[in-house]
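# Structure at a glance
One-letter residues, chain by chain:
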Amino acid sequence: MATDNQKVADGMVVSFQYKLYVDGKLYIEEDADGDDNTIDYLHGADNILPGLEQALAGKRAGDTLSVMLSPDEAYGEYDDEDMETLDRSEVPDAEELAPGMLIEVENEDGSIELAHVKEITPQVVVLDFNHPLAGKSLKYDIEVLGVRQADEDELKHGHAHGVYDDEEEWDEDDEA
């Protein structure tokens, strides 16, 4: 990726590698395939956590940094009220669920939300709608790999292309 030693700023596509520590313990170093975690994002388009984006502003390819994010700068505080208890008979395929599983749930307006199965009893299924990292302090060790000007399509679509060439594959939950 040609960088011309450009600085990270709005409208730039930034590529970085990271290690994530949660509450002081290594949480992510490599993905499931053993590859280093690399993210390409469009700076200024809210593609990553605001605290990360702010820390990366002004950096150049080759820069390294550590970023500490409190829960309120990352995925928010854990909300004990962000749970729902459903009658087991209302949950399709309830017999296939297990605590910890991530499932899609349709809300009243027809949109899909993600929830973790917190508990299953013979009568109910308890769903937790908090992000798995809610309430956690996060530390990112980052190396900036490249910085380049976004092209017209990337600016129009609001995300970096290459990783997400097909817009339908883009999912806001893919944020760092």
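Just above, that's the structure.
Just so it is clear, the model here is predicted, and its values are computed rather than measured.

## Points about the overall build of the protein chain
Looking only at helices and strands, one finds two helices and nine strands in the protein chain. Ordered by position from the N terminus, the helices and strands of the protein chain form the series β-β-β-α-β-β-β-β-β-β-α. In the protein chain, buried positions account for 34% of the 176 residues. Summed over all atoms, the accessible surface of the protein chain reaches about 10400 Å², with 42% contributed by carbon and sulfur.

## Some remarks on unusual backbone geometry
Positioned with a positive phi, D46 is a non-glycine residue whose angle comes to about 60°. On the basis of relative accessible area, D46 is assigned to the exposed category, the value being 55%.

## Some words on the pairing of strand β9 (residues 138-149)
Alignment of strand β1 (residues 12-22) against β9, held across 11 bridges, turns out to be antiparallel. Directly across from V14, in β9, lies its bridge partner V147.

## Description of the nonpolar core
One finds F16, L56, L138, Y140 and I142 to be the most contacted residues of the largest nonpolar core, which totals 23 residues. Of the residues forming this core, the biggest block, six residues, is contributed by β1. One finds I103, V105, L127 and F129 within the second-largest nonpolar core, a separate group that totals 11 residues.

## A few points about the packing of aromatic side chains
Remark: the centre distance and the inter-plane angle together describe each pair of aromatic rings, the angle taken between the planes. Enumeration over the complete set of coordinates arrives at three aromatic pairs. Note on F16 and Y18: the rings are 6.1 Å apart at their centroids and 55° apart in plane angle, and the pair reads as tilted. Y18 gets classed as buried once you look at its relative accessible area, which sits at 12%. Between Y18 and Y140, the ring centres sit 5.7 Å apart and the planes meet at 55°, which makes this aromatic pair tilted. You can see Y18 sitting in strand β1 and its partner Y140 sitting in strand β9, a full 122 residues away along the chain.

## Quick word on the environment of D128
The topology assignment puts D128 in strand β8 (residues 124-128). It is 8.6 Å that separates the C-alpha atoms of D128 and D80, two residues lying 48 residues apart in sequence. In terms of polar contacts, D128 uses its side chain to reach the backbone amide nitrogen of N130, at 2.8 Å.

## Remarks on a negative patch on the surface
Judged by side-chain charge, D79, D80, E81, D82, E84, D87, E90, E106, E108, D109 and E113 come together as a negatively charged surface patch. Among the secondary structure elements, D109 is positioned in the loop between β6 (102-106) and β7 (112-120).

## Notes on the environment of P122
With respect to the helices and strands, the residue P122 is situated in the loop between β7 and β8. Residue P122 is classed as exposed on the basis of its relative accessible area of 68%. Separated by 35 residues in sequence, P122 and D87 place their C-alpha atoms 9.3 Å apart.

## Describing the environment of Q54
With respect to the secondary-structure elements, Q54 resides in helix α1 (residues 50-56). When the C-alpha positions of Q54 and V67 are compared, they lie 9.9 Å apart, and in sequence the two are 13 residues distant.

What counts as what
Residues numbered from 1 in each chain as written. Predicted model: local features only at pLDDT ≥ 70, side-chain atom pairs only at ≥ 80, totals over all residues. Heavy atoms only, no water. Helix = DSSP H or I, 4+ residues; strand = E, 2+ residues; numbered from the N terminus. Buried < 20%, exposed > 50% of the residue type's maximum accessible area, 1.4 Å probe, protein only. Areas by Shrake-Rupley, 256 points an atom, 1.4 Å probe, with all protein chains shown as cover. Pairing = 2+ DSSP bridges. Core = buried A, V, L, I, M, F, W, Y, C linked by side-chain atoms within 4.5 Å. Phe/Tyr/Trp six-rings, centres within 6.5 Å; stacked < 30°, edge-to-face > 60°. Polar contact = N/O pair within 3.5 Å; in protein donor to acceptor, adjacent residues only side chain to side chain. Patch = residues over 30% accessible without salt bridge, like charges linked within 9 Å, V, L, I, M, F, W, Y side chains within 5 Å. Salt bridge = Lys/Arg side-chain N within 4 Å of Asp/Glu carboxyl O. Lys, Arg positive; Asp, Glu negative; His and termini not counted. Charge placed at Lys NZ, Arg CZ, Asp CG, Glu CD.

Worth remembering: the numbers are spatial, not functional.
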